[in-house]
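So you can see what is in the structure, the chains are spelled out below.
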Amino acid sequence: MLGASINAFNEDQRITFTGLSNNINVQNFSSDPNAQGNNRPQNGIIKTNILGVNYSDLWGEKIKVSGSYLYRNRENNGISSLFREYVTDANDGQTYTENSRNTRTNQEHRFDMRLEYNIDDKNRIVYRPRFSAANDRENSYFLGESVNIDGPLNQTENVRTADNDDFDIDNRLYYGHKFDKEGRSLTLRANAGYHWNEDLAFRRAENLYFQPTERTEIINQQISRDRTGTNWQTGISYTEPIGKHGMMEIEYEIGNRADDSDQLTFDILNEDLSGLDLELDTALSNSFESKYVRQETELGYQFRKEKVQIQIEGEYQHAKLQNDQFFPAPFDLQRTFESFLPTVRFDYKFSDNTNMELDYDTNTDAPSVQQLQGVIDNSNPLQLRTGNPNLDQSYSNRIRLRFRSRNPDTDKSWFVFAQSRLVENSIANSSYIADETTELPGGIILEKGSQLFRPVNLDGFQDFRSWVSYGMPVDFIKSNLNINGGFSYNKRPGQVNDELSFNNSTRLSTGISISSNISDQVDFNISTRMSFNNVENTLNSNLNNKYFNQRTRLNFSWIIWEGFVYRMDLNHQINSGLSEGFDNNFLLMNMSIGKKYSIIKEEKFH
């Protein structure tokens, strides 16, 4: 790994140049895909090259500006294995295995800027533009096979190449005005964005179907997908003090999201030097447009004293979802949603170093254009996927507790977190497993043992997470000790062959870490975290499972001599209780040597 950072200062101006190059899965300056935590480790072996520049300055006395540009080039080479057991009793004994390898090359340009103009002590304008452009190239292969108690069901050998371009432009504008009366204010805000991507892929697959009779199918396709999207949102809010400790806020907001998605799938009839002979497959092609207009009116009240703060808000939301399909068969569908979204926040300050926050809020979530577009995706001919234009928005309720306490005299600290969430009309997965050869709308054939996935709205989603952490100094080794533990429960609905199922999982985790403060020459961090997991499926108890996972990490940094720095990272993982062949235990070790340079000048430079 090779990295460098150069800073240049000139009074209020600061410019930072950064660079990073490695082949050890470090994707930026602050992330480690194999680090501990709730995030899933990044798959594959990743080579990354990054160049970036950050800029900040004061333009006169009233304008503060900051901006950044980042270029990232990343190559990911992955090899993976998948094993899946089926849920329903009717498909008991049916399994699916898949072995795949892929190479993805990604190039990304990203620009961000923030311009803050303080007109005077009562008026302020903030403008934040953002632009990103990315290109992703894929070369992948997989071999999938389904087997039941009678023997092999089907098999697919699939090769795919793809070239995908993605562009995003966003602009945010904010204006705030304070009136002479303390607490009275007016805020105007607006944002607008434009997004588009263009995908071109070629797929060749050889599919074998063994039951009820054996046959072979060859797929040779070109798939193009063009998507464009615009979004805008504007709002106004006004605050007015009420009494000595109260404040009222009234707010109005309106926004629109419009997406246009076209997917064209062509069968390649001939490939010669003069070009491709293509024929449109109307069953796998679709032209679709979705618009989602939302209006919100909110009234809130806040009460604040020295130790307590209470905030109550009530929001009325009116939303309209318009779906239009133009090809292959025109149709339109309109949905109107009316929702009341309450919010309650309670903060209590026990002392300067101890406080508690208790929140209750609600939210709605509209389906994406990918979930709405009803076109068949046959990337895996044994597991077809499609959208659902009849989807409704989901409605979630969330309650959250946070408690923090720190004793500055002993440097001991507590942190407690708990959150529970209930979702109505959650967008879940529905799968249909064909017991026999089935013809789908549009003439698509779903062979015996193959699957069709599509999103549906289901009730019953529940989620609970909790976390407790205690920290204290360990003086004899000049380090800090942290002990933590957590409990989580998830209830996720699904549907298999029109039967409702729930995947219930519980997780109990605990961990310990020691971070050093020995000297300015030596620094280390040792941590381990283990979790016990129990998964239950309501449709098929044979899929119930208990497994154990532990991750241990050591980070060590030592300034050896004259600015030379030695660094070592160790990552160890233990898995137990997973399916045969997936209980992999491994140790990863990365080491590096670098040199720090520091140049300090008394005089200014230009």
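In this text the structure is predicted, and so the values were computed from the model without any measurement. (Residues numbered from 1 in each chain as written. Predicted model: local features only at pLDDT ≥ 70, side-chain atom pairs only at ≥ 80, totals over all residues. Heavy atoms only, no water.)

A.B. asks: Could you give me a rundown of the overall build of the protein chain, with the residues and numbers involved?
C.D. replies: Helix and strand counts for the protein chain come out as one helix and 29 strands. Based on the C-alpha atoms only, the size of the protein chain along its principal axes is roughly 80 × 60 × 55 Å. Across the 606 residues in the protein chain, those meeting the buried criterion constitute 38%. Put simply, of all contacts in the protein chain between residues at least 6 apart along the chain, 61% involve residues at least 24 apart. When the accessible surface of the protein chain is summed, it comes to about 34400 Å², and 52% of that surface belongs to carbon and sulfur atoms. Side-chain charges in the protein chain split into 63 positive and 84 negative, and the spacing between the mean points of these groups amounts to 9 Å. (Helix = DSSP H or I, 4+ residues; strand = E, 2+ residues; numbered from the N terminus. Buried < 20%, exposed > 50% of the residue type's maximum accessible area, 1.4 Å probe, protein only. Contact = heavy atoms within 4.5 Å. Areas by Shrake-Rupley, 256 points an atom, 1.4 Å probe, with all protein chains shown as cover. Lys, Arg positive; Asp, Glu negative; His and termini not counted. Charge placed at Lys NZ, Arg CZ, Asp CG, Glu CD.)

A.B. asks: Got a sec to walk through the pattern of salt bridges? Specific residues and values, please.
C.D. replies: Taken as a whole and assessed by the stated rule, the structure comprises 28 salt bridges. Where Arg137 meets Asp163, a salt bridge forms, and the shortest distance between an N and an O atom there is 3.7 Å. Remark: Asp163 occurs in strand β7 (residues 151–178) and Arg137 occurs in strand β6 (residues 123–148); sequence separation between them is 26 residues. Of the residues examined, Asp163 reaches a relative accessible area of 30% and is grouped as partly exposed. (Salt bridge = Lys/Arg side-chain N within 4 Å of Asp/Glu carboxyl O.)

A.B. asks: An account of the environment of Arg553 is requested, with residue identities and associated values reported.
C.D. replies: Mapped onto the fold, Arg553 is located in strand β27 (residues 545–561). Overall, Arg553 belongs to the buried group, its relative accessible area being 16%. In terms of polar contacts, Arg553 uses its side chain to reach the side chain of Asn555, at 3.4 Å. (Polar contact = N/O pair within 3.5 Å; in protein donor to acceptor, adjacent residues only side chain to side chain.)

A.B. asks: Help me get a handle on unusual backbone geometry, residues and values and all.
C.D. replies: Put simply, Gln211 and Pro212 share a cis peptide bond, and its omega is 0 degrees. With respect to the secondary-structure elements, Pro212 resides in the loop between β8 (185–209) and β9 (215–242). Residue Pro328 is bonded to the preceding Phe327 through a cis peptide linkage, with omega at 5 degrees. Looking at where Pro328 falls in the secondary structure, it is placed in the loop between β13 (308–327) and β14 (331–351).

A.B. asks: Residue-level account of the pairing of β14, with values.
C.D. replies: Summarising the sheet, β13 and β14 pair through 18 bridges and their orientation is antiparallel. Residue Gln311 lies in a different strand from β14, and its bridge partner there is Arg345. Where β13 folds back onto β14 in an antiparallel hairpin, the turn is made up of three residues. With seven bridges joining them, β14 and strand β15 (residues 354–365) adopt antiparallel strand pairing. Among the inter-strand pairings, Val344 is bridged to a residue of β15, identified as Tyr360. (Pairing = 2+ DSSP bridges.)

A.B. asks: Residue-level account of a nonpolar patch on the surface, with values.
C.D. replies: On the surface, Trp558, Ile560, Trp561, Phe564 and Ile593 cluster together into a nonpolar patch covering about 560 Å² of accessible area. Here the element with the most residues in the nonpolar patch is β27; it accounts for three residues. With respect to the helices, strands and loops of the structure, Trp561 is situated in strand β27. Classification of Trp561 as exposed rests on a relative accessible area of 56%. (Patch = residues over 30% accessible without salt bridge, like charges linked within 9 Å, V, L, I, M, F, W, Y side chains within 5 Å.)

A.B. asks: Tell me about the nonpolar core, residues and numbers included.
C.D. replies: Membership of the largest hydrophobic core is limited to nine residues, which are Phe288, Tyr292, Ala319, Leu321, Phe337, Ala366, Val369, Leu372 and Leu391. Put simply, the parts of the chain that give this core at least two residues each are β12 (286–304), β13 and α1 (369–372). The contact partners of Val369, leaving out residues within four places of it in the chain, are Arg227, Asp259, Ser261 and Phe288. (Core = buried A, V, L, I, M, F, W, Y, C linked by side-chain atoms within 4.5 Å.)

Everything listed is a geometric property; what it means functionally is a separate question.
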